[in-house]
Amino acid sequence: MRNAGVISGVRVSHDHATVDEVASASDDDVRTTVESLLTNEEVSEAFALHTCNRAEAYVVTDAQATGRRALTDFAPDVRDGAVVEMDHEQSLRHLMRVAAGLESLVLGEDQILGQIKRSFEEARGAGGIGPMLDDAVTKAIHVGERARTETEINEGALSLGSAAVRLAKSETTLDGATALVIGAGEMGTLAAESLAAAGIGELVVANRTLPHAEHVAEEVDVPARALPLSAVETAIEAADVVISATGSPEYVLSSPHVETSGETTLIDLAQPRDVDPAVDSLPDIVVHDMDGLEAVTDETRELRREAAERVESMIDDEFERLLKSFKRKRADRAISGMYEAAEEVKQRELETALAKLDAQGELTDDQRETVAALADALVGQLLSAPTKSLREAAVEDDWDTIQTAMTLFDPDFSGGEPSFDTPSGPRGAIPEDASDDADDGQHVLESLADD
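Quantities reported herein were computed from a predicted structural model and do not represent experimental measurements.

Points about the overall build of the protein chain
For the protein chain, the helix and strand inventory stands at 16 helices and 10 strands. Counting over 451 residues, the protein chain shows a buried share of 51%. Long-range pairs, those at least 24 residues apart, make up 73% of the contacts in the protein chain with a sequence separation of at least 6. A total accessible area of about 20900 Å² is found for the protein chain, and carbon and sulfur atoms account for 47% of it.

Topic: the packing of aromatic side chains
Any aromatic ring pair is given by two values, namely how distant the centres are and how the planes are angled relative to each other. What the rule picks out here adds up to two aromatic pairs. Seen from their ring centres, Phe47 and Phe120 are 6.4 Å apart, and the 85° between their planes marks the pair as edge-to-face. In this pair, Phe47 sits in strand S2 (residues 45–51) while Phe120 sits in helix H5 (residues 111–125), placing the two residues 73 residues apart along the sequence. Across the pair, Phe120 and Phe47 agree in class, each one buried. For the cation-ring pair, Arg93 lies above Phe319, with the distance from its terminal atom to the ring centre recorded as 4.2 Å. Taking the ring centre of Phe120 as reference, the NZ or CZ of Arg124 above it sits at 4.7 Å.

Some words on the UniProt feature "active site" (unreviewed entry) in the protein chain
The residues that UniProt annotates with the feature "active site" (unreviewed entry) are Cys52. Locating Cys52 in the fold gives a position in the loop between S2 and strand S3 (54–61). Residues contacting Cys52, with those up to four places away along its chain left out, are Val22, Leu160, Met187, Leu269, Gln271 and Met290.

Let's talk about the pattern of salt bridges
Taken as a whole, this structure holds 26 salt bridges when the rule is applied. Between Asp316 and Arg93 there is a salt bridge, with its nearest N and O atoms 2.8 Å apart. With Asp316 in helix H13 (residues 305–360) and Arg93 in helix H4 (residues 88–100), this pair connects stretches of sequence that are 223 residues apart. Note on Arg93: relative accessible area 26%, which makes it partly exposed. Salt-bridge contacts for Glu312 lead to Arg97; the nearest nitrogen and oxygen are separated by 2.5 Å. Taken together, the positions of Glu312 in helix H13 and Arg97 in helix H4 put the pair 215 residues apart, joining distant regions of the chain. Judged by its relative accessible area of 18%, Arg97 is buried. In this structure, a network of salt bridges that share partners links the residues Lys139, Arg146, Glu150, Glu318 and Arg321.

Section: the environment of Ala63
Within the secondary structure layout, Ala63 lies in the loop between S3 and helix H3 (64–70). In the structure, Ala63 is positioned 56 residues away from Ile7 in sequence and 8.4 Å away in space, judged by C-alpha atoms.

Some remarks on the side chain of Asp274
Residue placement: Asp274 occurs in the loop between strand S9 (264–268) and strand S10 (285–288). Buried charge without a salt bridge: Asp274, with Arg208 as the nearest opposite-charge side chain at an N-O distance of 7.6 Å. Discounting chain neighbours no more than four positions away, the residues touching Asp274 are Ser244, Ala245, Thr246, Ser248, Tyr251, Val252, Leu253 and Asp268.

Definitions and limits used
- Residues numbered from 1 in each chain as written.
- Predicted model: local features only at pLDDT ≥ 70, side-chain atom pairs only at ≥ 80, totals over all residues.
- Heavy atoms only, no water.
- Helix = DSSP H or I, 4+ residues; strand = E, 2+ residues; numbered from the N terminus.
- Buried < 20%, exposed > 50% of the residue type's maximum accessible area, 1.4 Å probe, protein only.
- Contact = heavy atoms within 4.5 Å.
- Areas by Shrake-Rupley, 256 points an atom, 1.4 Å probe, with all protein chains shown as cover.
- Phe/Tyr/Trp six-rings, centres within 6.5 Å; stacked < 30°, edge-to-face > 60°.
- Lys NZ or Arg CZ within 6 Å of the ring centre and 35° of its normal.
- UniProt positions renumbered as here; feature names shortened; annotations may be inferred.
- Salt bridge = Lys/Arg side-chain N within 4 Å of Asp/Glu carboxyl O.
- Lys, Arg positive; Asp, Glu negative; His and termini not counted.

As structure tokens, this is what we get:
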């Protein structure tokens, strides 16, 4: 049986990397990333998360060093200081922090939870989700939902879109201004709603698919109209503020688009960038990207500090529960191997004994059942103490004991930390209380004596 038992992770995110470095690590979509990781025969499970300010990947392998090797090529063009490696426990805790919004540029923002759920389904569709990552990501989602229902971590529902509007408001007067939003996805929609709430006079929404732009324009409470992306150059000339948030792999705005637009505040929320960096050198054009939102988001972080502390405590509790669950499964893997090996020996010897007894005089069905029950009880009695010891060893992180047991009872065991997988079905099943089988042994012996 394959001994896949630890998670390894790697991330490139806004706290250590620039916008361009995050974009470089996000070249492939989630499904492609997962499928690529699974081509490594040492990887049994894989998960990836790509958002506007992070690119992350996780794998399940038989050992931590194996996982690190499998993730070596995740972000080959990103400098070492921007790539953060995570071991098993760091990966588990980080996933919970991300889902709770503690790792977001805007502390507590809600969009990340939906992004994790979508990435989870993409990874599942690619065949990347097995028992370990299922437990890990499901727990992270649970923590994210608890954080938002039990604390005020998302009070005010500040998103990157609304943070961009706050930044624009600090640069120019929005009251009565004309604003252009490029992109009609989730981020563009949030920006459009925030601009409308800020008191702009007119909103223009440009998008490659015109009906999507029309839908956003219809939903806001200010005069608004929709344009195809091809008309963006004309729209910019009349705009005081431009917020761009498309999913385009190419620049949407370059110098020719804005060189005659006059004074304009331009905020780029896209990943990869929508705005060619050369635009920032033009006179009268002020360009901000994700890195420029720090001042706005720091204010939100301070306001939500108390809620963040409560969420940290929540994560500590949920993290310990998850670790205990994983440790129990590790012990159960060793115990399963022990019972499976004992079952094979018991069955072989039982068949031999019954054959010899039959040769001395044909046994009745009741006698056969009595002998079989004796064999079962002896196995349960003999394995009761080792079962208890292995579960205690897992709680104490005593993997030497567990590895020794695995080697003794499973000659094919290859070393490293035990798998979290447990055999299904009656063969190799683990009694919840093995001591009950030991008690049964006495009853069987008494029954044999009566016979």
